[in-house]
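The lines below spell out each chain.
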Amino acid sequence: MPSKTRSHFHLLTIDVLEIPSFTPQTTRLTQTASHYKRETSTARNAVSNHIEMANTFRHKHFKYHQQKLEVFIPLRDFRASEVVAAVSVTSTLILFLHTSHLQYQLALYTHSHDSLASSDEGSSGHGDASVTSKYGGFNLHEYKHLDPMSLNNTARHQKLTLMFNRVPKVGSMSTMALIARLSVRNGFTFHRDKIQKIELIQVPRREQKRLAQLVDRFKPPSAYVKHICYINFTTFNASPPIYINMVRDPVERVISWYYYVRAPWYFVERKQLFPELPLPSTRWLKKMDYETCVLRGDSECRYEEGSTKRNDYAQLTEFFCGQGEKCCGLNTQYALQKAKDTVERHYAVVGVLEDINVTLTVLQHYIPRFFANAKTVYWDEVQKFSTVNRNMYKPKVSQGVKDIVRRNFTREIEFYHFCRRRLYMQYAALNLPEEA
């Protein structure tokens with residue numbers, strides 16, 4: 001300890017839970033702490049010691065103990081911003097520890113509900129089997145007479161610019177990583193929007209115009225990726241891009257989002273990118289599991305028809321319906337019909353996460369300039385792509401609870417099946433050998 005007396009230090013005493021298991025995300029915290037090593041070595045050492053102590057605890061105990069974590073931050077010879085930075089790092093660690101507690105609880109919850117989930121799946125009979133069958137439960141012979149050109153909007157585009165206005169939690173990170181990899185192999189330029197502090201998918205008209213003109217200036221062939229609702233480029237005298245997107249079972253998507261925003265690495269990364277953002281409260285992070293949230297009618301898990309004041313992107317149709325107030329309303333008839341019309345008129349391919357192999361095949365054949373060799377690249381690096389953004393904190397949710405949620409997602413589910421049917425029509429029209 002340096003010669004400075006205790007009075008020269010600010011004492012932070014925080015109650016923490018020692019965690020019986022630590023995840024690889026711990027490495028990110030140590031890296032964050034190391035960023036301030038020269039300015040706040042004392043704080044960093046306290047953080048590292050606590051992590052080491054918790055890891056030791058993991059091998060010896062399986063019950064939680066409260067402990068005081070004391071971090072002495074020297075106030076002399078430091079700017080106020082450096083002290084704030086040290087406090088921020090320490091606070092982030094504490095929230096990470098508490099959320100790891102949530103991970104442990106979720107693991108126990110999953111284990112205790114495995115048998116229930118298995119019985120639910122077993123009672124569903126052969127209905128689910130058809131959905132997960134090789135051809136998605138569709139009779140491809142009904143569509144083999146179709147002309148692929150009649151189902152391919154790509155041919156109507158004069159400019160080779162790809163627009164992936166990605167929906168959250170549909171495998172969009174994996175798809176984006178695939179596009180980036182293919183840009184090197186197929187010789188096109190890859191662009192993506194920077195991560196936003198607040199991700200707005202509905203934007204004012206002037207921002208729509210700015211974005212349309214930005215994408216229009218890209219030298220073809222180019223690809224652009226952003227979370228945004230569909231924008232009609234022709235409204236702003238810009239060349240329309242080749243639109244693509246992905247969809248996923250709407251109920252599975254909102255469940256995924258619920259746990260995604262509570263994963264430790266999510267808010268730690270957000271804090272690193274935007275230090276000024278407040279950290280989420282421990283109470284919110286340790287909130288009830290999704291099943292309890294639904295059964296208790298909590299506002300976060302209550303999906304009311306026409307609701308526009310949600311921040312979880314629960315409305316799948318909104319991304320395809322487009323910009324405008326009428327498109328903002330969960331499970332509305334207007335959004336459903338407008339989204340269907342937009343897909344038919346303006347989207348080359350809308351892939352389906354649950355049917356990834358068919359999706360890759362259709363992308364390869366309908367947009368070959370960008371997706372040539374997509375299946376080869378995807379499966380050669382399947383481990384890399386399949387683990388992007390995978391959430392280890394998400395437990396299973398019983399079929400009964402999912403059925404409750406589905407009652408309020410009827411039109412969203414209809415749109416999802418509409419996209420699946422369109423995808424399989426495109427696939428069948430190719431008349432490929434069965435092994436494809």
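This text follows the structure it describes.
Description of the structure in this document. Computed from a predicted structure; not experimentally measured. (Residues numbered from 1 in each chain as written. Predicted model: local features only at pLDDT ≥ 70, side-chain atom pairs only at ≥ 80, totals over all residues. Heavy atoms only, no water.)

## Things to note about the overall build of the chain
Scanning the chain from N- to C-terminus turns up 18 helices and seven strands. Within the chain, the proportion of its 436 residues that are buried is 49%. A sequence separation of at least 24 residues applies to 80% of the contacts in the chain between residues at least 6 apart. As presented, the chain carries roughly 21,500 Å² of accessible surface, and 52% of it is formed by carbon and sulfur atoms. (Helix = DSSP H or I, 4+ residues; strand = E, 2+ residues; numbered from the N terminus. Buried < 20%, exposed > 50% of the residue type's maximum accessible area, 1.4 Å probe, protein only. Contact = heavy atoms within 4.5 Å. Areas by Shrake-Rupley, 256 points an atom, 1.4 Å probe, with all protein chains shown as cover.)

## Examining the packing of helix α7 (residues 250–260) against helix α17 (residues 399–406)
Running from N to C, α7 and α17 point in directions that differ by 110°, and their axes come no closer than 10 Å. Classified by the angle between their axes, α7 and α17 sit roughly perpendicular to one another. On the side of α7, the interface is formed by Val251, Glu252 and Ile255, while α17 contributes Lys402, Val405 and Arg406. A per-class count over the contact of α7 with α17 returns three nonpolar, no polar and three charged. (Axes fitted to C-alpha atoms, helices over the stretch in contact; angles between N-to-C directions. Parallel < 35°, antiparallel > 145°, perpendicular 65-115°, else oblique. Nonpolar A, V, L, I, M, F, W, Y, C, P; charged D, E, K, R; others polar.)

## A look at the pairing of strand β5 (residues 222–225)
Side chains of β5 alternate between two faces, with Ser222 and Tyr224 and Ala223 and Val225 buried alike. As defined by bridge partners, strand β4 (residues 189–192) adjoins β5 across four bridges and the pair is classed as parallel. Note on β5: the bridge partner recorded for Thr189 is Ser222. With respect to chirality, the unit in which β4 leads through helix α6 (residues 205–217) into the neighbouring parallel β5 is right-handed. (Pairing = 2+ DSSP bridges. Right-handed = clockwise from strand over helix to strand, strands pointing away.)

## Considering empty space enclosed by the protein
Considering all chains together, one arrives at four cavities of 30 Å³ or more under this definition. What the second largest cavity holds in volume is close to 40 Å³. (1 Å grid on protein atoms, 1.4 Å probe; cavity = no way out; pocket = protein on both sides within 12 Å on 5 of 7 lines; lining within 4 Å. Points joined across faces, edges and corners; volume = space filled by probe spheres on them.)

## What to know about the packing of aromatic side chains
Under the defined criterion, the tally for this structure stands at 18 aromatic pairs. Seen from their ring centres, Tyr260 and Tyr266 are 4.8 Å apart, and the 55° between their planes marks the pair as tilted. Judged by relative accessible area, Tyr260 falls into the buried class, the value being 14%. Here the aromatic rings of Tyr303 and Phe409 are separated by 5.0 Å at their centres, their planes lie at 65°, and the arrangement is edge-to-face. With a gap of 106 residues between them, Tyr303 in the loop between α10 (290–295) and α11 (318–321) and Phe409 in the loop between α17 and α18 (410–429) connect regions that are remote in the sequence. When sorted by exposure, Tyr303 lands in the same class as Phe409, which is buried. (Phe/Tyr/Trp six-rings, centres within 6.5 Å; stacked < 30°, edge-to-face > 60°.)

## Let's talk about the sheet that holds β5
Taking strand neighbours across the sheet as the criterion, the five strands line up as β4-β5-β3-β6-β7 in an open arrangement whose pairing is parallel. Either end of the sheet is taken by a strand with one partner, and the two such strands are β4 and β7 (347–352). Taken over all neighbouring pairs, the strand axes of this sheet differ in orientation by 20° on average, direction set aside. Sitting on the sheet, helix α12 (residues 333–346) is in contact with β6 (242–247) and β7, with an inclination near 120° to β7. Strands β6 and β7 of the sheet are contacted by α18, whose axis makes an angle of about 110° with β7.

Just distances and angles here, no functional claims.
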